[in-house]
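Structure at a glance
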Amino acid sequence: MMKMPLPSIDHVKVAVRVRPFSQREKNSGSKCVISMHSKTTTAIQDPKNPENVKTFTFDLAYWSHSGFQKDKDGVLISADASSNFSGQRDVFCDLGRGILDNAWQGYNATLLAYGQTGSGKSYSMIGFGANKGIIPNVCEELFQAIENQGKSQEYQVTFSMLEIYNEQVRDLLSSTKKPGGLKIREDQQLGFYVDGLTSVPCENYTQIERLMEQGTKIRTTASTNINASSSRSHMVITIQFKQVALDNGLTKQSSINLVDLAGSERQKSSGSEGDRLREGSRVNLSLTSLGNVISALADVAMGKKVLHIPYRDSILTKLLQSALGGNSRTTLIATISPADICYEETLSTLRYAERAKRIRNKAVVNTWKLTRASRTEESTSCLEHGNSIMAEQPPPLHNNNNCEESEQSLPPPAGLNSSWVELPMNSSNGNEKNGGLEHTCCLKHLSPPEVCFLADTQHGSRVPRMDWAHQLELAREEWGQQFATIAHEQQMMKTLPHLLNVNEDPQLTGVLKFFIHAGTHSLEPPDKHAPHHLLLEVLRIAERHASFANLDGQVTVTPHSKCKVFMNGVPITTKTRLQHLDRIILGSNSAYLYIGLPSERGGEDVSRFDYEFFQLERAAAEGVSVDKLTGVAHSIDGKSDPIVRAVFQDYVKLMPLVAEANQMSEELRKGLKLELKVKNLASSDSRGYDLQKEVMVKVTNHWSHSVWIWSKAKFINRKFLMEEIYQSFLDGGDGHVAQESDPFWDPVEVVHLGSAHIWLQSLAYCMKSEEQVEFLNCDGLEEAVLHVHITPCSVTGQEHGEDDVVIDPLELLGKRIDFQIHIIQCFGVKWLKEDTKRGIQLGYRIYDLPNPLYTKAVWKIVNPQIEETVQFAALHASLEFLNYLQTNALIVDLWGLQEGCAELSSSQQDFVITSEGHIVLDTNITSDVMGAGQATSNQISELYLKLFKLEQETDLLRNINRALREENLFLKQSLARIGSGEQARKPSGTPKRTGVAAQLPPAKEINQMHARRANYDGELAKALKAFYQSMNMARGQFLRLRHHKLPDDDQMLRPFIRQQSQMFKDFGDLLESSLWRLKNDVALLVKKKREFLSHDRE
């Protein structure tokens, strides 16, 4: 009897790897925020706060960002002895060989690759070109080790490959697509397994290479058909490795699971924030569930009480149950981007990996013995046919004809098991040929029932089992067919022009090849069977989409009707000649690289034409650039701001997704138009600082004219849900769903149209402000004009006059300040011009108000009269409040109302109200003066810095006036003392004046002096009022400059530059003239006062 091996308690081994900058990150001047000071530590620096550095410790940390070079074979190696660069071989030696060691010992082994899309997961797992990844290296060294073993054991290796997308399992070794995907079954012994998954016997590494190529082709075709990026799917490769001792029948089996997870950014919990529909659809479910499982297991490891581990919440977590907390030795490699623009995603990945390393698994050696009869049968087969390697599930445990019944024997390993092993039959032709075009997408395999055997052991049933040698013989025949097909394809690639697919995943780029033979051939969907057409199913490929012609040594493409075809980023509508390495996009986003005739080809490196190249080229053709998105150049030390770069990256990434959503809307007849917009958050910042921008999606219904604004996260969530409906439509459905579940529909809602800034500096000097300001939308264009008054007043609401103007705002410190905001009217509201059934509301919030105030709704009037007044009171004006008035603006938001939407409202219960019914401001007196809220100089544009310096000069002039005012106060006190002395001397006539009294003027002159002082103060108040009105005009012009965007039409570029130059000139002139006028006015007042004082001394 065998003794049960004791389980070993192992923590999940975690490694982190940082990749080099991508080309886009290099072009945008990204900065590296990752550092690795040892082989185990990883530190990340917050780009917004460089002093904030977080450090994580893992089992291994791989620096692959810099310090490398290519050798003669194209393999990346360390540039010199001092470099700490870790190449593919280094990663394999640590992780891959650990997997192989565990497999030889009989342990199950799992490797998970986790990280955001584009962080290097697939590169680490699969590799690229000469830089082989972990999976091919594991397979190659496994067979090398088998060849070096003796003849006393039999080694059996089987290979399977699947993809999980949208909670459906796709067999990547079978060209037959099963509706709804393969089913997941559960067995008491096997655990969860995939029913009907193809498992192919392999004799050498070359065969595994071919299987991986075949699986990649099927994966590429599937992602093209449903327009789904591979970054949203999980790929799982399973290698079953069995070692059978020929002398005693002792069998060890290891299940090696190699998992390339979907992009981690799809897992964001904020994906459905503010969305009425479920989060992320089923596309996100797997990663969300995986995160929940890891968190629960981490809590268990920390000693916390966990009632339930949610393995059953998704297909992925079911299949990974043994890998996480079960019978497996598991490794996780977390791949991260070094760029500052990916800081949030990278930090999330590191935290995820930190939780995963706490998980404890209980791995056991998977062993059992065969019966003598079964061992004799298999030994005879092995001796007759050599040391063969064949694919097979372990024999049923409870079948007495096949194994010894032992209370100590262990079941075969659970995990990614196959219920049916499909052995491919001979195929007469591996290619689909149609006229002059051949599509070598995938190789088809047939799986007759007599070639399969059932692995379900719970019923102890027996089915006919194929002889091991017979299985290998059939497999060898199929390998011969495949090698012939591959040779034929390679020959055509040398002689014929063709299209290569370009995918977001580099592993799927160049997998599909469409050969263009001599003649004219149309591009049509696969349900067409005309003699000369190319079978291609992609989003928005019409019944006759385009034609390719190969005539007289020239290849041309001709779009049909209004079908979308882009060449080198530019849409084409007529017959166009193709040049070698032209880039073609069919429909919304199906990208292909054209490889020309042999005579046109050279030694070009086609790898530079990746998915990113296509998208940047298309963005440039559409006029999208950093300057275009931001209106003006944003740079720090010659490089664009990280926030702006991140927005640009988001914009470019979302462009194809928005195009796809529009095409799905059109095909499903939903009537929606989606547009990308960039929201400038400066519009909601009361200081006007251009601190941040974000991408959003404007959605318009053609039929009802309803408008919605979706955040980036909400759009991505809706896009997943749209894909589900579209896939159902492709499968034969009508695409109809209930309205409440329709991602193309939302209830009508209030839409933010734009914001206006009314600067409050005049209020700090008790001066009335009368403004007509523009509402600027997210494009920086005028949406409407607002007429508003801001008036300082008494408690009773009586307007202050010029006599109440203060020279220094500090005079108001600790005193009560009352003022009224009177919103009079809006002019020329475009929202109302577009649809007369619409309405508007205005909303604003000042200083520390907890919630905005909203005006009444006005409907169906293009120039709505508002006429609403609200009085505010600061009972004891604090220094913070006075500083706020001098440096901030009142933000008034313009909201668009649609028929059927709820109007905005504010409750008086949210505010503190005086006995007179006025709203109280400045309720929290603190000593923290604005310092924490002030932006650093590197966040302020050059123009704002200029304005800021001018205001500093104004402060200097204000200090001069304060000194002069102190002189006036001293004079006033002196005159008062003299006046009281005259009143005391009346009894005996007019005595002779002596001392100071003799030197002072008579009472008449004193009154004149009082009048002159009041006159000087009034003149100074008028000068200050004129100056601050000019400053408000300058600020308004400055905001218009900031939002002034480049034109879409290149022909308008020169007039735009002239207009921009003139606006800059006018802005500078206005600033200079305002300051010059203030300086002159103050200088004149100072001169008059000095003359008066000198005359007085005489």
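These figures come from a predicted structure and were not determined experimentally.

Calculation rules
- Residues numbered from 1 in each chain as written.
- Predicted model: local features only at pLDDT ≥ 70, side-chain atom pairs only at ≥ 80, totals over all residues.
- Heavy atoms only, no water.
- Helix = DSSP H or I, 4+ residues; strand = E, 2+ residues; numbered from the N terminus.
- Buried < 20%, exposed > 50% of the residue type's maximum accessible area, 1.4 Å probe, protein only.
- Contact = heavy atoms within 4.5 Å.
- Areas by Shrake-Rupley, 256 points an atom, 1.4 Å probe, with all protein chains shown as cover.
- Pairing = 2+ DSSP bridges.
- Axes fitted to C-alpha atoms, helices over the stretch in contact; angles between N-to-C directions.
- Salt bridge = Lys/Arg side-chain N within 4 Å of Asp/Glu carboxyl O.
- Phe/Tyr/Trp six-rings, centres within 6.5 Å; stacked < 30°, edge-to-face > 60°.
- pLDDT = per-residue confidence, 0-100.
- Expected span 1.5 Å × (residues − 1).
- Parallel < 35°, antiparallel > 145°, perpendicular 65-115°, else oblique.
- Left-handed = near helix turned anticlockwise from the far one by under 90°.
- Nonpolar A, V, L, I, M, F, W, Y, C, P; charged D, E, K, R; others polar.
- Disulfide = S-S within 2.5 Å.
- Lys, Arg positive; Asp, Glu negative; His and termini not counted.
- Polar contact = N/O pair within 3.5 Å; in protein donor to acceptor, adjacent residues only side chain to side chain.

Here the focus is the overall build of the chain. Check the secondary structure of the chain and you find 20 helices and 49 strands. Taking all 1098 residues of the chain together, the buried fraction comes to 55%. Taking the contacts inside the chain whose residues are at least 6 apart along the sequence as the reference set, 72% of them involve residues at least 24 apart. A total of about 48700 Å² of accessible surface is found on the chain, and carbon and sulfur atoms cover 51% of it.

Before going further, it helps to spend a moment on the environment of S86. Mapped onto the fold, S86 is located in the loop between β8 (76–78) and α2 (88–105). The class for S86 is buried, based on a relative accessible area of 3%. Taking the C-alpha atoms as reference, S86 lies 9.3 Å from S66; in sequence the two are 20 residues apart.

Paired through backbone hydrogen bonds, the strands of a sheet run either parallel or antiparallel to each other. Taken in spatial order, the three strands of this open sheet run β37-β38-β39, and their pairing is antiparallel. Pairing within the sheet leaves two strands with one partner each, and these edge strands are β37 (672–680) and β39 (707–711). Sheet twist, expressed as the mean angle between neighbouring strand axes with direction ignored, is 30 degrees. In this structure, strand β38 (residues 693–701) lies alongside β39, joined through five bridges in antiparallel fashion. In the sheet register, V697 faces β39, and the bridge partner there is W710. Across the face of the sheet, helix α14 (residues 712–730) comes into contact with β37, β38 and β39 while running at roughly 100 degrees to β39.

A positive phi angle, close to 55 degrees, is found at N568, a residue other than glycine. On the secondary structure map, N568 appears in the loop between β30 (565–567) and β31 (570–571). The partly exposed category is assigned to N568, whose relative accessible area is 24%. One non-glycine residue, E867, lies in positive phi territory at about 50 degrees. Mapped onto the elements of the fold, E867 is located in strand β47 (residues 865–874). Take E867: its relative accessible area is 42%, and that puts it in the partly exposed class.

This part is about the pairing of strand β24 (residues 498–502). Burial runs high along β24: five of the five residues are buried. Where burial is concerned, the two faces of β24 agree: the one with H498, L500 and V502 and the one with L499 and N501 are both buried. Pairing between β24 and strand β25 (residues 513–516): three bridges, direction antiparallel. Looking at the pairing, L500 lines up with K513 of β25. Direction of pairing for β24 relative to strand β34 (residues 590–595): antiparallel, over a ladder of five bridges. Across the sheet, the residue bridging to L500 is L593, located in β34.

Attention now moves to the environment of I134. Mapped onto the fold, I134 is located in helix α4 (residues 134–147). With a relative accessible area of 1%, I134 lands in the buried category. Along the primary structure I134 and Y123 are separated by eleven residues, whereas in three dimensions their C-alpha atoms are 8.9 Å apart. Those residues in contact with I134 that lie beyond four places of it in its chain are V91, F92, L95, G96, L111, S124 and M125.

Moving on, we get to the pattern of salt bridges. Summed over the entire model, instances satisfying the criterion amount to 26 salt bridges. E916 serves as the salt-bridge partner of R816, at 3.7 Å between the closest nitrogen and oxygen. Here E916 lies in the loop between β48 (889–897) and β49 (919–921) and R816 lies in the loop between β42 (782–793) and β43 (817–827), a separation of 100 residues in the sequence. Assessed through its relative accessible area of 30%, R816 is described here as partly exposed. Judged by its relative accessible area of 40%, E916 falls in the partly exposed class. One salt bridge connects E868 with K856, and the closest N-O pair in it is separated by 3.7 Å. One end of the pair, E868, is in strand β47; the other, K856, is in the loop between β45 (853–854) and β46 (858–859), and twelve residues separate them in sequence.

Another point: the sheet that holds strand β4 (residues 41–45). An order of β3-β4-β5 is seen for the three strands of this open sheet, with the pairing classed as antiparallel. Each edge of the open sheet is held by one strand with a lone partner, namely β3 (34–35) and β5 (53–57). Across five bridges, β4 lies against β5 in antiparallel orientation. Residue pairing for β5: T42 is matched across the bridge by F56. Packing against the sheet, helix α8 (residues 343–356) makes contact with β3, β4 and β5, and its axis sits at approximately 35 degrees to β5.

Summed over all chains, the structure comprises 13 aromatic pairs. Where W104 meets F241, the ring centres are 4.9 Å apart and the plane angle is 75 degrees; that geometry is what we call edge-to-face. Pair noted here: W104 is in helix α2 and F241 is in strand β17 (residues 234–245), with a separation of 137 residues, a long-range link. For the pair W104 and F241, one class covers both residues: buried. For the ring pair F514 and Y592, a centre distance of 5.7 Å and an interplane angle of 75 degrees mean the geometry is edge-to-face. With F514 in strand β25 and Y592 in strand β34, this pair connects stretches of sequence that are 78 residues apart.

On to the confidence of the model for the chain, then. Taken over all residues, the pLDDT of the chain has a mean of 76, while the share at 70 or more is 68%. Confidence over residues 526–540 falls short of pLDDT 50; this stretch has 58 contacts with residues more than four positions distant or in other chains. In this model, residues 632–638 is a region of pLDDT below 50 whose contacts with residues beyond four sequence positions or in other chains number 14 contacts.

Given a rise of 1.5 Å per residue, 14 residues ought to cover 20 Å, and the 20 Å separating the end C-alpha atoms of α4 matches this to within 8%. In terms of burial, α4 is a largely internal element, ten of the 14 residues being buried. Residues of α4 that are buried: I134, I135, P136, N137, V138, C139, E141, L142, F143 and I146.

Another point: the packing of α2 against α4. Taken N-terminus to C-terminus, the directions of α2 and α4 make an angle of 50 degrees; their axes are 9 Å apart at the nearest point. Taken together, α2 and α4 sit at an angle that is classed as oblique. Every pair of crossing elements has a handedness; the one defined by α2 and α4 is right-handed. Listed contacts from α4 to R89, V91, F92, L95, G96, R97, L100 and W104 of α2 are I134, N137, V138, E141, L142, A145 and I146. Here the residues of the contact of α2 with α4 are counted per class, giving ten nonpolar, two polar and three charged.

Considering the arrangement of structural elements, one finds W895 in strand β48. Along the primary structure W895 and H752 are separated by 143 residues, whereas in three dimensions their C-alpha atoms are 4.7 Å apart. Setting aside anything within four residues of it in sequence, one finds W895 in contact with V750, V751, H752, L753, G839, I840, Q841, G843, Y854 and L904.

The terminal C-alpha atoms of α14 lie 26 Å apart, and with 19 residues this matches the ideal 27 Å at 1.5 Å per residue to within 8%. When you tally the buried positions in α14, you get 14 out of 19 residues, the bulk of the element. G732 sits one or two positions beyond α14 and adopts a positive phi of about 110 degrees.

Another aspect to go through is the pairing of strand β28 (residues 546–551). Across the six residues of β28, five count as buried, placing the element largely inside the fold. The sheet contact formed by β28 and strand β29 (residues 554–559) spans six bridges and is antiparallel. Across the sheet, residue A546 finds its bridge partner in β29, namely P559. Where β28 folds back onto β29 in an antiparallel hairpin, the turn is made up of two residues, including D552, whose phi is positive at roughly 50 degrees.

The tally for this structure, following the rule as stated, stands at zero disulfides. With no disulfide of its own, C139 has C202 as its nearest cysteine by sulfur position, at a separation of 8.3 Å. You can call C202 buried: its relative accessible area is 0%.

What follows deals with the side chain of D46. Topologically, D46 is positioned in the loop between β4 and β5. Put simply, D46 is tucked away with no salt bridge, and the nearest opposite charge, on K54, sits 5.8 Å away. Among the polar contacts listed, one links the side chain of D46 to the backbone nitrogen of K48, at a separation of 3.0 Å. When neighbours within four sequence positions are excluded, D46 is seen to be in contact with N52 and Y343.

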